[in-house]
Amino acid sequence: VPARGTAEKLGIRGPPDGEGRSTLAGLPVTDGLVLQLAGENFAATDAGPFLVDAGSTRDVGDLMVQRGTDIVVTVLDPESKPVGDAKLWLFQTAFEPGLDDPPSAEAVTDEQGTARFPHARSALFSVRAKAEGFALAQLQAGPLPGEEPAEYQVVVNLAEAQPLEGLVIGEPDGQPLAGAQVDAVPIDPGNGGGRTTTDEEGHFSIPDIAPGNYTVSAKAKGYSAHSERTWAGKGPTVMELHLKKQGSLRGTVVGDDGQPITAFQLQPRSHRGRLDPPYPRQSLMKVKNEQGEFLIEDLDPAFWCLEVWAQGYALTENLVVD
């Protein structure tokens, strides 16, 4: 049941009968029901969204499935020799997956460095590969639109692993930050990324980085996220990331009679410079408080203003604050 980009698996299944007909009972009332079709020798397919009314039965008609494509992946080392026991992750998405995205399937290469993902969708996909002693690699490929080959072969070339090391420092006191999350996102195609957290002295190390360009970002509670580009070449790459401490805004909303307004909405906006136009950096806040008080935390260093609206009052914007 999709809801603004998220999905909840209901666990309701309806195996088809001999004529391919299926019935799903006990569905929630929703206007966004998506059916996932999956079966042996077929590629997984989503259908919908469909509307489900209370107390009614709906015939959604014929749902088409495809035979799918076998994706065959061969993993080679820098000398073009096959790499066995390499771990593979398949992502059946039109965009390159992030570090948090779950894979569609997993596999391990054999002695010939080959693994097969059977009956995948005939569409753009990404494969991520990792073997001991080598850097994480990622490849995006897929058949041309309209093509549905029975088999599609790709080769993933691994590079020697090297560490990306550094230090995360909090400003303005200049103290190392422990427990900060550090992500290395590749800019060059074919490279994978990495993630780690800083130790008690603010140091971090991502050991399996391939040569190339990366965007390295760090974030920690109470500090603004910060990122920098770096080149990872031969030998360890050492860098420093400085995070600025976040602030907060506290205040009171009153009417023209000086009395507190107990229910209102706030939209924080920030300016890159004092004279630049503002743009939203925080979500709209709905506040109920008998004293008309509000507190906005985790604000990045910037020039901030507040748009305030309440029932019976005009939209009001306060002065810019630093």
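Everything that follows concerns the structure shown earlier in this document.
We now turn to the structure provided with this report.

Rules used throughout
- Residues numbered from 1 in each chain as written.
- Predicted model: local features only at pLDDT ≥ 70, side-chain atom pairs only at ≥ 80, totals over all residues.
- Heavy atoms only, no water.
- Core = buried A, V, L, I, M, F, W, Y, C linked by side-chain atoms within 4.5 Å.
- Buried < 20%, exposed > 50% of the residue type's maximum accessible area, 1.4 Å probe, protein only.
- Helix = DSSP H or I, 4+ residues; strand = E, 2+ residues; numbered from the N terminus.
- Contact = heavy atoms within 4.5 Å.
- Salt bridge = Lys/Arg side-chain N within 4 Å of Asp/Glu carboxyl O.

Points about the nonpolar core
Formed by 21 residues in total, the largest nonpolar core has its most connected members in Val73, Val75, Leu88, Val156 and Leu158. Mapped onto this core, the elements with two or more residues apiece are β3 (69–76), β4 (87–91), β6 (114–120), β7 (125–130), β8 (137–141) and β9 (151–157). Excluding its chain neighbours within four sequence positions, the residues that come into contact with leucine 158 are Val75, Leu76, Asp77, Pro78, Val83, Ala129, Ala131, Phe134, Ala135 and Ala137. One finds Ala210, Ala220, Tyr223 and Leu241 within the second-largest nonpolar core, a separate group that totals 20 residues.

A few points about the environment of valine 156
Inspection of the secondary structure puts valine 156 in strand β9. In this structure, the C-alpha to C-alpha distance between valine 156 and arginine 128, residues 28 residues apart in sequence, is 8.6 Å. Every residue in contact with valine 156, bar those within four places of it in the chain, is listed here: Val73, Thr74, Val75, Leu76, Val127, Ala129, Ala137 and Leu139.

A short note on the pattern of salt bridges
Throughout the structure, instances matching the rule amount to 8 salt bridges. Of the charged contacts in the structure, one is a salt bridge between glutamate 79 and lysine 81, with a shortest N-O distance of 3.5 Å. Residue lysine 81 is classed as partly exposed on the basis of its relative accessible area of 47%. Note that arginine 195 is salt-bridged to aspartate 183, the shortest N-O span being 2.7 Å. With arginine 195 in strand β14 (residues 194–197) and aspartate 183 in strand β12 (residues 181–186), the pair connects residues that are 12 residues apart, well separated along the chain. Arginine 195 sits in the partly exposed class, given a relative accessible area of 35%. The class of aspartate 183 is buried, set by a relative accessible area of 12%. Connected through shared salt-bridge partners, Asp70, Arg116 and Glu151 make up one network.

Focus: unusual backbone geometry
The peptide bond linking glycine 48 to proline 49 adopts the cis configuration, its omega dihedral lying at 5°. Residue placement: proline 49 occurs in strand β2 (residues 45–52). Omega for the peptide link from glutamate 171 to proline 172 comes to 15°, which places this bond in the cis form. In this structure, proline 172 sits in the loop between β10 (162–171) and β11 (175–176). Phi is positive for aspartate 85, which is not a glycine, with a value near 60°. Relative to the assigned elements, aspartate 85 resides in the loop between β3 and β4. Aspartate 85 sits in the exposed class, given a relative accessible area of 64%.

These results come straight from atomic positions and should not be treated as a statement about function.
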